[in-house]
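Geometric and topological summary
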Amino acid sequence: MSSDSNQDNIKNSDEELPKNYEVTAQGSLGLLALGAVGIKAWRKKRKEEEEKQLKTKKENE
Amino acid sequence: MSKRLAKKVLVIGWDAADWKIIHPLLDAGLMPALEGLINKGAMGKIATLDPPLSPVLWTSIATGKTADKHGILNFVEPDPATSDLRPVSVTSRKVKAIWNILTQEGFKTHLVGWWPSHPAEPINGVCVSNSFQKQSKKPDEPWTMPKGAVHPKDLEEVLAEYRIELSEITSAMLLPFVPDAAKVDQENDKSLFAIANHLAEASSIHAASTWILENKDWDFMGVYFDTIDHFCHGFMKYHPPKMDGIPQEYFDLYKDVINSAYRFQDMMLERTLKLAGDDATIILLSDHGFHSDHLRPKKLPKEPIAPALEHSPYGIICMAGPNIQEDEQIFGATLLDITPTILTLFGLPLGKDMDGKPLLQAFKEDVKPEYIESWESVPGECGMHPADIQEDPWAAQEAMNQLIELGYVEAPGENKQERLQKTRNETDFILAKVYAGSRRMEPAIEILERLYKENPDVARYGLKLAHCYQVTRNIKGLRKTIDELRAKNLKELPHLDFLEGTLLLFENKPRKALLMLQEAEKSISHMPNLHIQIGNVYNKIKRWADAERAFKTALEIDMNNSGAYHGLAISYLRQKEYELAADAAFNAIGLSYHFPEAHYHLGEILYHMKEYKSSSEAFNVAITMVPGFKKAHQWLIKIYEEHLNEPEKAEQSKKFIKDQIKGSITIVSGLPRSGTSMMMQMLKAGGMPILTDDLRANDDNNPKGYLEYDDVKKLAKDKSWLVNAEGKAVKIIAQLLQHLPDTYTYKIIFMQRDMIEILQSQQKMLGKNTSVFPMGLADTFAKQLSKTESWLNGQPNMEVLYVNYKDVIMNPEEQAENVNAFLSGDLDIQKMSEATDKKLYRNKN
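So, a few notes on the structure that sits alongside this text. These figures come from a predicted structure and were not determined experimentally.

Comments concerning the overall build of chain B
Counting secondary structure elements, chain B contains 33 helices and 19 strands. For chain B, whose C-alpha radius of gyration is 30 Å, the value lies close to the compact-globule estimate of 28 Å for 845 residues. Judged by the C-alpha coordinates and their principal axes, chain B covers about 95 × 65 × 55 Å. Here chain B holds 845 residues, and the buried ones make up 59% of them. A total accessible area of about 35400 Å² is found for chain B, and carbon and sulfur atoms account for 51% of it. Positive and negative side-chain charges of chain B, numbering 98 and 116 respectively, have mean locations separated by a distance of 7 Å.

In structure tokens, the structure reads:
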């Protein structure tokens, strides 16, 4: 039985994605099915893509 | 504390998951995570409870108690703050859930998405309520997490990050569900929106649960998904094979949705199992199944909780873990067994007030569960809310909108009061169904009689009331309700024919019953229970081949119907088709293990196949389920003495019968002059031993003799003479029946006759003027009969056959046949019918 309380320390929430997982800005069911780490990786990728597109757009302007 | 069998337990709820969809996917290798779980554990069907409403069921799963005890009775409940309705909240649960018990015992306990679990309970761990994932219906407003969705509060911000908003779902995620999504007319068809909604909500629950598994220690975790249920309610009508009336265009677009939903659920399962680890004990279950074949209703009635008609009665259960049997079938599981099973896995005692049992057959080790009176009286902090908790009404309203969209809740009218009253009625109706579903007919009938009286136009109240009268064999009530419903000329008429057919069977009119059931068959031939009842009639009148056909028809409609297999087994048995009978009996047991009559008949079949050892095993299972099953004991005595040479075991059954099982007495009853003497004469002529002292000689009123026993008159004061009646028939008038002790079992042949005829006959016998009808006496007798009949309904040791005097006079052979069938005897039917005399029917009305 665990003895720690609700305030126990959060463990490493930046767990690596399983190998061979392609993360695209569009996302996938596979990423959703990975749960928290999948969502985090997908949103990170999406943000990177948006910033990249914004940067390209600005450069073009 | 008993031995702990599980280090940690993970319960995963898949609402509405059904083996009928899963098996083909497993065969095609499309649900690898579930396949892995099945391969290293035990699996089976799990019986749902009636009514199959998810919040009611998941609370029974979490408490081990029926809904009348746990208090969650509907999708909605009144909100005292607004005088309107709100989605049912966890604060309405009256008893401790498994996570409260485990919290109280110091286990680290997490819960995600359970229905209902909002507002999140302050358990010893993380609680993410069923409002956490709900999508806002106002696209222009920010999507905020409902207050109270997460416990502890310091995790609200962290977990809110893992909620997936509807707008985030992309075409890449939708295409596996609808490959031709581009063809969807999104102006008029909101199906893609619904799929995205279900995906966003499922992913939110999954993300929260995986985050907890990754970041928190745990002993117990429960995760619930409504995903499959919601997909099924929206898209099962498009699942192959194509249903009549579904446009080809829609079928082509959405035929893959259901399989894709299951596959997505399996993908999420793979991740969950990986995070849970090999040392976790997994329990994966659904609360009910979902019709996916020809049993899919073509149209749902416009009434509350109508979508539940799409649910099928068996869900799935899989268990795997260090102390769980591998490659084992689980038989006879019900939703009420889950909490007792979890408590046993943690080495904790069961509450005697729980309605389920632990699934010990799934464990590797022999376990003897310990019991306490109730967990409710065990003191200590258990993580339930204080009584005065308040809820965010906006969060509740959002969830309510979804329920309205799903069709579970009537769209709000202008009159809140009327809506509240309607919901109150429906909640009471559900409570009545809960009582009826657990065979507590008295409180069910009390509620239904009131509901039907106050709402005479709501046919389903009347139909359910009639059904309860049918179960309790309240013939008068059933007749009255059927007549009232018929007078309303309702569209439910075929169901009335079905009920009336059953009524006629009770009234000992199997041939008329058959005609009525065949009439019902013209309109509701899709109902397996109708064919089962037809089969039962044929079995009763010994038309075994016809019975066989009827049960086979029931099985063509529903191949998982244990009652149909049981009836089929009996019809084969009586035709001496023992191999086929055995197959059918095994099928009945496989589908519904707790089926003592099926085990009994299997024993009889195996005996005829000379499989004496197996036969004894089947009879032993029957008496394990029903210890007082006298006929099973009698078979065992015969087998042990005559075939297995195990006299000591035969002796055990003999001793049990002698010490524990009450003797059986046949009673002929009714009002004086209702035909009781005639029935006694029939029984005597048929070869039945009669208890009579012949003190009362025959006379003009009864030229063939009264066949009475003088001590019967003092039954209220002296019951010692009943020992002389064991195995015999004795005449006891209706008014004295209530003095019978419960130390015996009784088969009562209750004679019924027109009251005017009875009283005229009595007047004549007493030498009174037969032209003066004693109205007051008629009223009193009618009340006494009604009271006696209701009392008989509640007596577990009394079995009653109602026989109409006139029917016996008109069709003596048919009635003799039925009496013989009721007594399971070998009476001489010809001699019985010859004992009647039409000439003695002198007082006709």
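Having seen the structure, we can now continue with the description.
Quick word on a negative patch on the surface
Residues and elements named next belong to chain B. A contiguous patch of negative charge on the surface is contributed by D185, E187, E249 and D252. Within the secondary structure, D252 is located in helix α10 (residues 248–254). By relative accessible area, which is 37% here, D252 ends up partly exposed.

Quick look at the packing of aromatic side chains
Residues and elements named next belong to chain B. Counted by the stated rule, this structure contains 22 aromatic pairs over all chains. With a centroid separation of 4.9 Å and an interplanar angle of 65°, the aromatic rings of W58 and Y224 are classed as edge-to-face. Highlighted residues: W58 in helix α3 (residues 54–63) and Y224 in strand β8 (residues 220–225), separated in sequence by 166 residues. Each member of the pair, W58 as well as Y224, carries the same accessibility label: buried. An angle of 35° between the planes, with centres 6.4 Å apart, marks the rings of Y250 and Y254 as tilted. In this pair, Y250 and Y254 are both assigned in helix α10, four residues apart and thus about one turn of the helix distant. Assessed through its relative accessible area of 0%, Y254 is described here as buried. Following the ring pairs from residue to residue traces out a cluster consisting of F177, F231, F235, Y238, Y250 and Y254. Here the basic side chain of R163 rests over the ring of F132, its NZ or CZ set 5.9 Å away from the ring centre. A cation over an aromatic ring shows up here: R163 above the ring of W143, its NZ or CZ 3.7 Å from the ring centre.

Section: the state of the cysteines
Residue and element names in this part refer to chain B. Enumeration over the complete set of coordinates arrives at zero disulfides over all chains. Counting only cysteine sulfurs, C318 is the nearest neighbor of C232, a cysteine outside any disulfide, at a range of 17 Å. On the basis of relative accessibility, which here comes to 0%, the residue C318 falls in the buried class.

Focus: the side chain of B:N100
Residue and element names in this part refer to chain B. Relative to the helices and strands, N100 resides in helix α5 (residues 98–104). Within the local environment of N100, its side chain forms a polar contact with the side chain of E121, the two groups lying 3.4 Å apart. A polar side-chain atom of N100 sits 3.0 Å from the main-chain carbonyl oxygen of C382. Apart from the residues within four sequence positions on either side, N100 is in contact with R93, E121, I123, C382, G383 and M384.

Details of the side chain of B:D497
All names here are of chain B. Here D497 is to be found in helix α18 (residues 493–506). Judged by relative accessible area, D497 falls into the buried class, the value being 10%. Polar contacts involving the side chain of D497 include one to the side chain of R486, which spans 2.7 Å. Leaving out residues up to four positions away in the same chain, D497 has contacts with R486, M516, E519 and A520.

Let's talk about the interface of chain B and chain A
Taken together, the contact between chain B and chain A spans 42 residues of the former and 30 residues of the latter. Sorting the residues of chain B by area buried against chain A places B:M173, B:N215 and B:R271 first, and these three jointly supply 19% of that buried surface. For the interface between chain B and chain A, the tally reads two salt bridges. A salt bridge links A:R46 to B:E168; the nearest nitrogen and oxygen atoms lie 2.9 Å apart. Linking chain B with chain A are 10 residue pairs in polar contact (both at pLDDT 80 or more), by the criterion used here. Of all elements in the fold, only α7 (171–174), α8 (191–215) and α11 (257–276) of chain B reach the threshold of two or more residues within the side of chain B that touches chain A. Sort the elements by how many residues they give to the side of chain B that touches chain A and α8(B) lands first, with eight residues. Here the residues of the side of chain B that touches chain A are counted per class, giving 19 nonpolar, 10 polar and 13 charged.

Quick notes on the rules
Residues numbered from 1 in each chain as written. Chains lettered and ligands numbered in written order. Predicted model: local features only at pLDDT ≥ 70, side-chain atom pairs only at ≥ 80, totals over all residues. Heavy atoms only, no water. Helix = DSSP H or I, 4+ residues; strand = E, 2+ residues; numbered from the N terminus. Rg over C-alpha atoms; globule rule 2.2 N^0.38 Å. Buried < 20%, exposed > 50% of the residue type's maximum accessible area, 1.4 Å probe, protein only. Areas by Shrake-Rupley, 256 points an atom, 1.4 Å probe, with all protein chains shown as cover. Lys, Arg positive; Asp, Glu negative; His and termini not counted. Charge placed at Lys NZ, Arg CZ, Asp CG, Glu CD. Patch = residues over 30% accessible without salt bridge, like charges linked within 9 Å, V, L, I, M, F, W, Y side chains within 5 Å. Salt bridge = Lys/Arg side-chain N within 4 Å of Asp/Glu carboxyl O. Phe/Tyr/Trp six-rings, centres within 6.5 Å; stacked < 30°, edge-to-face > 60°. Lys NZ or Arg CZ within 6 Å of the ring centre and 35° of its normal. Disulfide = S-S within 2.5 Å. Polar contact = N/O pair within 3.5 Å; in protein donor to acceptor, adjacent residues only side chain to side chain. Contact = heavy atoms within 4.5 Å. Buried area = accessible area lost by both parts, 1.4 Å probe. Nonpolar A, V, L, I, M, F, W, Y, C, P; charged D, E, K, R; others polar.

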